[in-house]
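Architecture and fold: a report
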Amino acid sequence: PAIAVAAIVVGVNGFRPKRRLPWALIASSTGLLAGANVVWAVLFFRGDDTFPSASDAVHLMSAVALVVGLSILSRDSGVDNDGLGGIEVAIVGIAVGLGIWLAVVEPYLSDGDLALGDRIWAMLVPMLGAVAVAMAARMAIQSQFRSAAPTLMMIGVALLVSADVLRAVEELRDNYGAGGFVAALIIPATLLIGAAALDPTMTQMNRAVAVGELNPDDGTDAVPRPGDDALFEQVDALCAVALQDRP
């Protein structure tokens, strides 16, 4: 996840999308995910890996940031006459949500040993993941899978949600621990999300706004919008030595 954060920072500074807020949220999501894994590892090796824990709270914050960031990107990448956008999101969301319900939610609900609050808490991250997959899939569908950035984002988010679902299933069986396939699945998922920010087509995931002329070669603003760079100004300062701004 830490590599994905760095990749997003490099991609945003290099390609300068019209809105940096959604990418900042996605970078925050991957950073929080890394923090959640560190907290979980500390608690696990101390023998304090109870549920829910501080790790689960950070993981939930990561899921919320991802959903909000993707919702902004999904809205910005849509075209004005896209009448099927909401239908596509609903179809994908229902399909993914149904699978998550059968794999995770129903077993949790039928577990009489869990309190109601714990059951709700256990379902939050996987269900938020279903929404994230739906919005990422919408962007990939709108590009007809011809643009690398939305396609990579969709695959990365789908792998991330799959890891959350498999983790929940293993936790139900008391089989989840350090290492293993499920924990390793987070690595390619976050790397694909970071790779989406390193592709030039990431600028196409923001709808063009009449704020200035557009560069014909990559579709970015020839004159940056004054208010959009606020969240990344401090990051730009820290990365100024290593990165050279594009004219």
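First things first, this report covers the structure right here in the doc. Predicted, not measured: the structure shown is a model, and the values here were computed from it.

Helix and strand content of the chain: 8 helices and 0 strands. N-terminal to C-terminal, the α/β element order of the chain is α-α-α-α-α-α-α-α. The buried share of the chain, taken over its 247 residues, is 43%. Once local pairs closer than 6 in sequence are excluded, the contacts in the chain between residues at least 24 apart make up 76%. Carbon and sulfur atoms provide 65% of the accessible area of the chain, an area that totals close to 12200 Å².

As a further point, take unusual backbone geometry. The phi angle at Arg 16 is positive, at roughly 50 degrees, despite the residue not being glycine. With respect to the helices and strands, the residue Arg 16 is situated in the loop between α1 (2-15) and α2 (21-46). In the Ramachandran plot, Phe 145 falls in the positive-phi region, its phi being about 60 degrees despite a non-glycine side chain. Examined against the element boundaries, Phe 145 turns out to sit in the loop between α5 (116-142) and α6 (148-172).

Let us look at a nonpolar patch on the surface. On the surface, a nonpolar cluster with roughly 300 Å² of combined accessible area is contributed by Ile 3, Ile 187 and Leu 191. Position of Leu 191 among the secondary structure elements: in helix α7 (residues 180-197).

To continue, consider α1. Helical geometry: 3.6 residues make up each α-helical turn, so side chains three or four residues apart lie on a common side. The terminal C-alpha atoms of α1 lie 20 Å apart, and with 14 residues this matches the ideal 20 Å at 1.5 Å per residue to within 8%. When α1 is considered as a whole, its buried residues turn out to be Ala 4, Ala 7, Ile 8, Val 9, Gly 11, Val 12, Asn 13 and Phe 15. Arg 16, located one to two residues past α1, shows a positive phi value of around 50 degrees.

Turning our eyes to something else, we now look at α2. With 26 residues, α2 extends 37 Å from end C-alpha to end C-alpha; this agrees with the ideal 38 Å at 1.5 Å per step. Within the span of α2, buried status applies to Pro 22, Trp 23, Ala 24, Ile 26, Ala 27, Ser 29, Thr 30, Leu 33, Ala 36, Trp 40 and Leu 43. In the stretch just after α2, Gly 47 is the one whose phi turns positive, near 80 degrees.

Judged by nonpolar contacts, the single largest core of 35 residues is most densely connected at Ile 8, Trp 23, Ile 26, Leu 70, Met 153 and Val 157. Of all the secondary-structure elements, those providing two or more residues to this core are α1, α2, α3 (54-77), α5, α6 and α7. With 9 residues, α6 is the single largest residue contributor to this core.

Here α1 crosses α7 at 10 degrees, and the two axes come no closer than 7 Å. Classed by the angle they form, the pair α1 and α7 counts as roughly parallel. For the pair α1 and α7, the contacting residues are Ile 3, Ala 4, Ala 7, Ile 8, Gly 11 and Phe 15 in the first and Thr 190, Leu 191, Ile 193, Gly 194 and Ala 197 in the second.

Attention now moves to the packing of aromatic side chains. Scanning the model with the defined rule gives 2 aromatic pairs in all. Considering the side-chain rings of Trp 40 and Phe 44, the 4.8 Å spacing of their centres and the 15 degrees angle between planes classify their relative orientation as stacked. Pair noted here: Trp 40 and Phe 44 are both in helix α2, with a separation of 4 residues, about one helical turn. Exposure remark for Trp 40: the relative accessible area of 13% places this residue in the buried category. Relative to Phe 45, the ring of Phe 44 lies with its centre 5.3 Å away and its plane at 80 degrees, an arrangement referred to as edge-to-face. Residue classification places Phe 44 among the partly exposed residues on the basis of a relative accessible area of 26%.

What counts, and at which threshold
- Residues numbered from 1 in each chain as written.
- Predicted model: local features only at pLDDT ≥ 70, side-chain atom pairs only at ≥ 80, totals over all residues.
- Heavy atoms only, no water.
- Helix = DSSP H or I, 4+ residues; strand = E, 2+ residues; numbered from the N terminus.
- Buried < 20%, exposed > 50% of the residue type's maximum accessible area, 1.4 Å probe, protein only.
- Contact = heavy atoms within 4.5 Å.
- Areas by Shrake-Rupley, 256 points an atom, 1.4 Å probe, with all protein chains shown as cover.
- Patch = residues over 30% accessible without salt bridge, like charges linked within 9 Å, V, L, I, M, F, W, Y side chains within 5 Å.
- Salt bridge = Lys/Arg side-chain N within 4 Å of Asp/Glu carboxyl O.
- Expected span 1.5 Å × (residues − 1).
- Core = buried A, V, L, I, M, F, W, Y, C linked by side-chain atoms within 4.5 Å.
- Axes fitted to C-alpha atoms, helices over the stretch in contact; angles between N-to-C directions.
- Parallel < 35°, antiparallel > 145°, perpendicular 65-115°, else oblique.
- Phe/Tyr/Trp six-rings, centres within 6.5 Å; stacked < 30°, edge-to-face > 60°.

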